[in-house]
Amino acid sequence: MADTRQRLIDGAIETLRTHGLTGTTARSIAATAGVNQALVFYHFGTVHDLLQAACLAATRARVEPFVDRLEQITDLRQLLALGRSLHTEERAEGNVMVLAQLLAGAQTSPELAEATAASLHLWIAPIEGALTRLLTGSPLSDLIDTAGLARAVSAGFIGLELYEGVDPDGAKAALDALDRLAVLIEVVDDLGPVAHRALRAKLRRKKF
């Protein structure tokens, strides 16, 4: 029974990749999974429920190795390099197409929106933890909302993944700009304690 559920979950993700959301039906999922169509309803109740379960299960499988790699990161440029690597992997495996379909469906389905948001949070939480760790001791640490920054970074990478499909050069330029920003933050971190205090004071006056 557990094997059948997993086959349906895998079949739902693969069907999204190949047929898009409009082509993802109980019949097409069952055909991809190689099982009887009735098993979709037996195990999950509805196609939407199956898609929600598949969305979360597939994301957990991708996040686990990502978290292990995050723990090896020691600076922001390494974090960006990991993001670039993940970006390439996700596109090669067809996961960008799956994400695009889920985001599109979430605009009109509150249930799918909830599942998609929960899946995105699985990425956001470890990114927030890494940013908090990397920015500790930086003169910018008490001025940056790391929770908000983690969501901005995640949203930015999602946008770039989708944008790359229509403008690869533009997406690359955006990633290069982020790389230069990481270098700038490293330069700020390398300033002496007097410069740190002066920078903090000036930023507070600007009410960042």
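The rules behind these values
Residues numbered from 1 in each chain as written. Predicted model: local features only at pLDDT ≥ 70, side-chain atom pairs only at ≥ 80, totals over all residues. Heavy atoms only, no water. Phe/Tyr/Trp six-rings, centres within 6.5 Å; stacked < 30°, edge-to-face > 60°. Helix = DSSP H or I, 4+ residues; strand = E, 2+ residues; numbered from the N terminus. Buried < 20%, exposed > 50% of the residue type's maximum accessible area, 1.4 Å probe, protein only. pLDDT = per-residue confidence, 0-100. Core = buried A, V, L, I, M, F, W, Y, C linked by side-chain atoms within 4.5 Å. Contact = heavy atoms within 4.5 Å. Axes fitted to C-alpha atoms, helices over the stretch in contact; angles between N-to-C directions. Parallel < 35°, antiparallel > 145°, perpendicular 65-115°, else oblique. Left-handed = near helix turned anticlockwise from the far one by under 90°.

Engineer: When you look at the packing of aromatic side chains in this model, what are you seeing that I'm missing?
Structural biologist: The relative placement of two aromatic rings is captured by the distance of their centres and the angle of their planes. The tally for this structure, following the rule as stated, stands at one aromatic pair. Taking 5.1 Å as the distance between ring centres and 65° as the angle between the ring planes, the aromatic pair formed by F66 and W123 counts as edge-to-face. Here W123 lies in helix α7 (residues 110–135) and F66 lies in helix α4 (residues 47–70), a separation of 57 residues in the sequence. You'll find F66 and W123 in the same group, each marked buried.

Engineer: Looking at this structure, I do not really get the environment of V153. What am I missing?
Structural biologist: The topology assignment puts V153 in helix α8 (residues 146–163). Remark: the alpha-carbon pair of V153 and I124, spanning 29 residues in sequence, is separated by 8.6 Å.

Engineer: For this particular structure, what's the right way to read the environment of A117?
Structural biologist: Along the chain, A117 falls in helix α7. Judged by its relative accessible area of 44%, A117 falls in the partly exposed class. Through-space distance from the C-alpha of A117 to that of L56 is 9.6 Å; in sequence the pair is 61 residues apart.

Engineer: What is the right way to look at the confidence of the model for the protein in this model?
Structural biologist: The predicted coordinates should not be examined in detail at positions where pLDDT is low. In this model, the protein carries a mean pLDDT of 83, and residues with pLDDT of at least 70 account for 84%. The spread of mean pLDDT over the elements of the protein runs between helix α10 (residues 193–206), the lowest at 57, and helix α2 (residues 26–33), the highest at 95.

Engineer: So what exactly am I meant to see when it comes to the nonpolar core here?
Structural biologist: General note: in soluble globular proteins, nonpolar side chains tend to be found buried as a group. With 20 residues, the main nonpolar core has L8 and L50 as its most contacted residues. Counting only elements with at least two residues in this core, the list comes to α1 (2–19), α2, α3 (38–44), α4 and α6 (95–106). Excluding anything up to four places from it in sequence, L50 contacts L8, I9, A12, I29, V40 and F44.

Engineer: Even after reading the chapter, I still don't get the packing of α4 against helix α5 (residues 76–92), so can you show me in this structure?
Structural biologist: To describe two helices that pack against each other, one gives the angle between their axes and the distance between the axes. Look at α4 against α5: their axes get within 11 Å of each other, and the N-to-C directions meet at 155°. In terms of orientation, α4 lies roughly antiparallel with respect to α5. Of the two elements, α4 crosses α5, and the hand of that crossing is right-handed. Judged by residue contacts, R62, F66, R69 and L70 of α4 engage L79, L82, S85, L86, E89 and E90 from α5.

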